[in-house]
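# Residue-level structure breakdown
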Amino acid sequence: MAKSKQQDNEAGSEKGVNVLLIALFTLGGLLLGGGAVYFLTAGDDQAAVIEEKIPAEPEKVEDPIDLLVVTVQRFAVPLIDADKAILGYMWVDLAFEVDGPDNQSYVAARLPELRDAFLRGLNDVQTTRGDRPGALDFTLLHKRLEAAAHKTMGQSMGKNRVHAVRITNAQRVPG
């Protein structure tokens, strides 16, 4: 039995050495891998520092706008075909997008002038689609309304008083 204790001690010490070697190799591998990762990513940090030193082109930042809306309800748009024949009328609701309360007041006070400009601009030109007789051409109407609004309202400090004219509703007038 004494011999088996000695063999057990030798086997136990070999196991301890093996575990110690495995732990040392694992630790060494981790250190080598970590060092390699550090050196490989350190170049990226230096490149980022170099890029930061190069002045970037300044971005153009637009002034924020205070978007407000002036509405017009039940504006009558004639349905005029290519032969200049009036096929009927459409009730159209409009929304004028403006910047700030000053422009909102300016546009609201001049709604009769805008309605007049719209009616004059729409009563002698085609407003229907060529491929669908009797159907309102919303793209064409939108372009004409915006052009008339910009022309009528003029400009304030180099900017248009009316940013956009939106068609919010349309329905055919019965009859």
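Predicted model, so just to flag it, every value in this text is computed and none were measured.

## What to know about the overall build of the protein
- Check the secondary structure of the protein and you find 4 helices and 5 strands.
- Reading the helices (α) and strands (β) of the protein from amino to carboxyl end gives α-β-β-α-α-α-β-β-β.
- Split into buried and exposed, the 175 residues of the protein put 23% on the buried side.
- Taking contacts inside the protein between residues at least 6 apart in sequence as the whole, the part at least 24 apart equals 65%.
- For the protein, the exposed surface amounts to about 12700 Å²; the carbon and sulfur share of it is 57%.

## Some words on the side chain of Thr128
- Mapped onto the elements of the fold, Thr128 is located in the loop between α3 (111-122) and α4 (138-153).
- Of the residues examined, Thr128 reaches a relative accessible area of 3% and is grouped as buried.
- Of the polar contacts made by the side chain of Thr128, one reaches the backbone oxygen of Ile80; its length is 3.0 Å.
- In this structure Thr128 touches Leu79, Ile80, Asp81, Leu87, Gly134, Ala135, Leu136 and Asp137, once residues within four positions along its chain are discounted.

## Brief notes about the packing of α3 against α4
- For the pair α3 and α4, the least separation of the axes is 9 Å and the interaxial angle reads 135°. When the interaxial angle is binned, α3 and α4 end up oblique. The handedness of the crossing between α3 and α4 is right-handed. Mapping the contact onto sequence places Glu113, Leu114, Ala117, Phe118 and Leu122 in α3 and Leu141, Arg144, Leu145, Ala148, Ala149, Thr152 and Met153 in α4.
- Class assignment of the residues belonging to the contact of α3 with α4 gives a composition of 9 nonpolar, 1 polar and 2 charged.

## Digging into the side chain of Glu146
- Locating Glu146 in the fold gives a position in helix α4.
- In this structure Glu146 is buried but unpaired, with Arg166 as the nearest side chain of opposite charge at 5.1 Å.
- Looking at Glu146, its side chain comes within polar contact range of the main-chain nitrogen of Val165, at 3.1 Å.
- Among all residues touching Glu146, those that are not within four sequence positions of it are His163, Ala164 and Val165.

## Overview of α4
- Taking 1.5 Å of rise per residue, the 16 residues of α4 would be expected to cover 22 Å, and the 22 Å separating its terminal C-alpha atoms lies within 8% of that figure.
- Those residues of α4 not exposed but buried are Leu141, Leu145, Glu146, Ala148, Ala149 and Met153. Taken around the axis of α4, the buried residues stretch over an arc of 165°, which confines them to a single face. Exposed positions of α4 whose direction lies more than 90 degrees from the buried face are Thr139, Lys143 and Lys151.
- Between a side-chain oxygen at the N-terminus of α4 and the backbone nitrogen of Thr139 the separation is 3.4 Å; the capping residue is Asp137.
- Note on α4: the residue one or two positions beyond its end, Gly154, has a positive phi of about 70°.

## Description of the nonpolar core
- Within the largest apolar cluster, 23 residues are counted, with the highest numbers of intra-cluster contacts made by Leu94, Phe96, Val107, Leu114, Phe118 and Val162.
- Those elements that provide at least two residues to this core are β1 (67-80), β2 (86-99), α3, α4 and β5 (162-172).

## Structural notes on the pairing of β1
- The sheet contact formed by β1 and β2 spans 12 bridges and is antiparallel. Across the sheet, the residue bridging to Phe75 is Val92, located in β2.

How each quantity is defined
Residues numbered from 1 in each chain as written. Predicted model: local features only at pLDDT ≥ 70, side-chain atom pairs only at ≥ 80, totals over all residues. Heavy atoms only, no water. Helix = DSSP H or I, 4+ residues; strand = E, 2+ residues; numbered from the N terminus. Buried < 20%, exposed > 50% of the residue type's maximum accessible area, 1.4 Å probe, protein only. Contact = heavy atoms within 4.5 Å. Areas by Shrake-Rupley, 256 points an atom, 1.4 Å probe, with all protein chains shown as cover. Polar contact = N/O pair within 3.5 Å; in protein donor to acceptor, adjacent residues only side chain to side chain. Axes fitted to C-alpha atoms, helices over the stretch in contact; angles between N-to-C directions. Parallel < 35°, antiparallel > 145°, perpendicular 65-115°, else oblique. Left-handed = near helix turned anticlockwise from the far one by under 90°. Nonpolar A, V, L, I, M, F, W, Y, C, P; charged D, E, K, R; others polar. Lys, Arg positive; Asp, Glu negative; His and termini not counted. Salt bridge = Lys/Arg side-chain N within 4 Å of Asp/Glu carboxyl O. Expected span 1.5 Å × (residues − 1). Arc of directions from axis to C-beta. Core = buried A, V, L, I, M, F, W, Y, C linked by side-chain atoms within 4.5 Å. Pairing = 2+ DSSP bridges.

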